[in-house]
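# Fold and geometry: a report
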Amino acid sequence: MEKPSPQSGKVRAHVFVFGIVQGVGYRYYTVNQAIKMGVSGWVRNLLDSRVEAVFEGTQEQVEAMIQWCYQGSPASVVEQVVFEYEQPEGIEGFDIISNPVASE
């Protein structure tokens, strides 16, 4: 899917990370990395053992976060990262969503 090119200069990526990514600090490292890079959004565990995240920022920031997802936390074993670009919603800050949800 092509990256949206909104007038604000912001893009949004919806990301799913597969592998050993729960119980290894993946979400906390994601928050720290996103804050360092100035990216807004959220991250959460899914009930099927994946991690889901949304990143909003400049194209460069969001692409760097997607690349970071392949690395993850030191104890994680990332097998696959799947993402698509969506229209930004203007999220501010970066949060962990505590309640895991069933996959969509």
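Rules and cut-offs
Residues numbered from 1 in each chain as written. Predicted model: local features only at pLDDT ≥ 70, side-chain atom pairs only at ≥ 80, totals over all residues. Heavy atoms only, no water. UniProt positions renumbered as here; feature names shortened; annotations may be inferred. Salt bridge = Lys/Arg side-chain N within 4 Å of Asp/Glu carboxyl O. Helix = DSSP H or I, 4+ residues; strand = E, 2+ residues; numbered from the N terminus. Buried < 20%, exposed > 50% of the residue type's maximum accessible area, 1.4 Å probe, protein only. Polar contact = N/O pair within 3.5 Å; in protein donor to acceptor, adjacent residues only side chain to side chain. Contact = heavy atoms within 4.5 Å. Expected span 1.5 Å × (residues − 1). Phe/Tyr/Trp six-rings, centres within 6.5 Å; stacked < 30°, edge-to-face > 60°.

The name given to the chain in an unreviewed UniProt entry is acylphosphatase, and the organism recorded there is Microseira wollei NIES-4236. The heading Catalytic activity (unreviewed entry) in the UniProt record of the chain holds the text "an acyl phosphate + H2O = a carboxylate + phosphate + H(+)". The UniProt entry for the chain carries the following comment under Sequence similarities (unreviewed entry): "Belongs to the acylphosphatase family."

### Focus: the pattern of salt bridges
Applying the stated criterion across every chain, the model contains 5 salt bridges. Here glutamate 56 and arginine 12 are joined by a salt bridge, their closest N and O atoms 2.8 Å apart. Residue glutamate 56 is located in strand β3 (residues 51-57), and its partner arginine 12 is located in strand β1 (residues 11-20); the two are separated by 44 residues in the primary sequence. Like arginine 12, glutamate 56 is buried. Look at the salt bridges and you will find they share partners, linking Arg12, Glu56, Glu86 and Glu89 into a network.

### Things to note about the UniProt feature "active site" (unreviewed entry) in the chain
Taken from the UniProt record, the annotation "active site" (unreviewed entry) applies to Arg27 and Asn45. Over a stretch of 19 residues, the named residues converge on one spot in the fold, their C-alpha atoms separated by at most 7.9 Å. Summarising the element assignment, arginine 27 is placed in helix α1 (residues 26-37). Among the secondary structure elements, asparagine 45 is positioned in strand β2 (residues 40-46).

### Overview of the side chain of histidine 14
Mapped onto the secondary structure, histidine 14 falls in strand β1. Within polar-contact distance, the side chain of histidine 14 engages the side chain of glutamate 86 at 3.0 Å. If sequence neighbours within four positions are ignored, histidine 14 has contacts with Trp42, Glu52, Ala53, Val54, Val82, Phe83, Glu84 and Glu86.

### Brief notes about α1
With 12 residues, α1 extends 16 Å between its outermost C-alpha atoms, agreeing within 8% with the 16 Å of an ideal straight helix rising 1.5 Å per residue. Three or more residues of α1 are buried, namely Tyr26, Arg27, Thr30, Val31, Gln33 and Ala34. Trailing α1 by a residue or two, glycine 38 shows a phi angle of about 75°, which is positive.

### Topic: the packing of aromatic side chains
Two aromatic rings, taken as a pair, are described by how far apart their centres are and by the angle between their planes. Inspection of the entire model under this criterion finds 3 aromatic pairs. Consider the rings of tyrosine 26 and tryptophan 68, whose centres lie 5.6 Å apart with planes at 50°: the pair is tilted. Pair noted here: tyrosine 26 is in helix α1 and tryptophan 68 is in helix α2 (residues 59-69), with a separation of 42 residues, a long-range link. Between phenylalanine 55 and phenylalanine 94, the aromatic rings sit 6.0 Å apart at their centres with planes inclined by 20°, giving stacked as the arrangement. Of the two residues, phenylalanine 55 is situated in strand β3 and phenylalanine 94 in strand β5 (residues 94-101); the sequence distance between them amounts to 39 residues. Relative accessible area serves as the criterion here: at 0%, phenylalanine 55 is assigned to the buried category. A relative accessible area of 9% places phenylalanine 94 in the buried class.

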